[in-house]
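So you can see what is in the structure, the chains are spelled out below.
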Amino acid sequence: KRGLIIGKTYIRNIAPHAVFLKIQPAFNLRGMLVFDIDGKKVGKIQDVQLKENKNEIGSITVKSSYGTIEINRKYIEHIGDNVFINEKLENITKK
């Protein structure tokens, strides 16, 4: 099993049975729904590609009705309970 290394600058608090972080680890995006600029459901995140070994998203892999597509970070507008991209899905799949 692969371990997880977290820099001490990301740690907010250490409790006896948990570590609380100041950030949301990028890999937690797996399983989130993705919507385009018009609110149309794109699909569900299958994988997250990071920039180097940092907690910065390079791109996300999304399973959609178009098949599996990779969406570059530059198209991600907002990450909350869901992920919203700043383009129509049709425009991204053409590029």
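Source: prediction; values computed, not measured.

### Here we look at the nonpolar core
General note: in soluble globular proteins, nonpolar side chains tend to be found buried as a group.
Reasoning step 1: The biggest cluster of nonpolar side chains holds 18 residues, and the ones touching the most others in it are Val34, Val42, Ile45, Ile60, Val62, Ile71 and Val83.
Reasoning step 2: Looking at this core, the elements with two or more residues in it are strand E4 (41–50), strand E5 (57–64), strand E6 (67–72), strand E8 (83–85) and helix H1 (89–94).
Reasoning step 3: Residues within four places of valine 34 in sequence aside, it is in contact with Lys40, Lys41, Val42, Gly43, Ile45, Ile60, Val62, Ile71, Val83 and Ile85.

### Side note on the sheet that holds E6
Reasoning step 1: The strand order across the open sheet built from 6 strands is E6-E5-E4-E3-E8-E7, with neighbouring strands paired in mixed fashion. Each edge of the open sheet is held by one strand with a lone partner, namely E6 and strand E7 (76–79). Averaged over neighbouring strand pairs, the angle between their axes works out to 35° when direction is ignored.
Reasoning step 2: Where E5 and E6 come together, 6 bridges link them in antiparallel fashion. When the bridges of E6 are listed, threonine 61 appears paired with glutamate 70.

### Brief notes about the environment of tyrosine 10
Reasoning step 1: Along the chain, the position of tyrosine 10 falls in the segment before strand E1 (11–15).
Reasoning step 2: As a C-alpha pair, tyrosine 10 and valine 48 span 38 residues in sequence and 19 Å in three-dimensional space.
Reasoning step 3: Aside from chain neighbours lying at most four places away, what touches tyrosine 10 is Phe20, Leu21, Lys22 and Ile23.

### A few points about the side chain of aspartate 36
Reasoning step 1: In this structure, aspartate 36 sits in the loop between strand E3 (33–35) and E4.
Reasoning step 2: Among buried charged residues, aspartate 36 stands out as having no salt bridge; its nearest opposite-charge side chain is lysine 40, 5.7 Å away.
Reasoning step 3: A polar atom in the side chain of aspartate 36 sits 3.2 Å from the backbone nitrogen of leucine 89.
Reasoning step 4: Setting aside chain neighbours within four positions, we find aspartate 36 in contact with Val42, Ile85, Glu87, Lys88 and Leu89.

### Digging into the pairing of E7
Reasoning step 1: Inspection of the sheet shows E7 paired to E8 by 3 bridges, in the antiparallel sense. Paired with isoleucine 76 across the strands is isoleucine 85, a residue of E8.

Thresholds, definitions, all that
- Residues numbered from 1 in each chain as written.
- Predicted model: local features only at pLDDT ≥ 70, side-chain atom pairs only at ≥ 80, totals over all residues.
- Heavy atoms only, no water.
- Core = buried A, V, L, I, M, F, W, Y, C linked by side-chain atoms within 4.5 Å.
- Buried < 20%, exposed > 50% of the residue type's maximum accessible area, 1.4 Å probe, protein only.
- Helix = DSSP H or I, 4+ residues; strand = E, 2+ residues; numbered from the N terminus.
- Contact = heavy atoms within 4.5 Å.
- Pairing = 2+ DSSP bridges.
- Axes fitted to C-alpha atoms, helices over the stretch in contact; angles between N-to-C directions.
- Lys, Arg positive; Asp, Glu negative; His and termini not counted.
- Salt bridge = Lys/Arg side-chain N within 4 Å of Asp/Glu carboxyl O.
- Polar contact = N/O pair within 3.5 Å; in protein donor to acceptor, adjacent residues only side chain to side chain.

Note that all results are geometric; they support no functional claim without further evidence.
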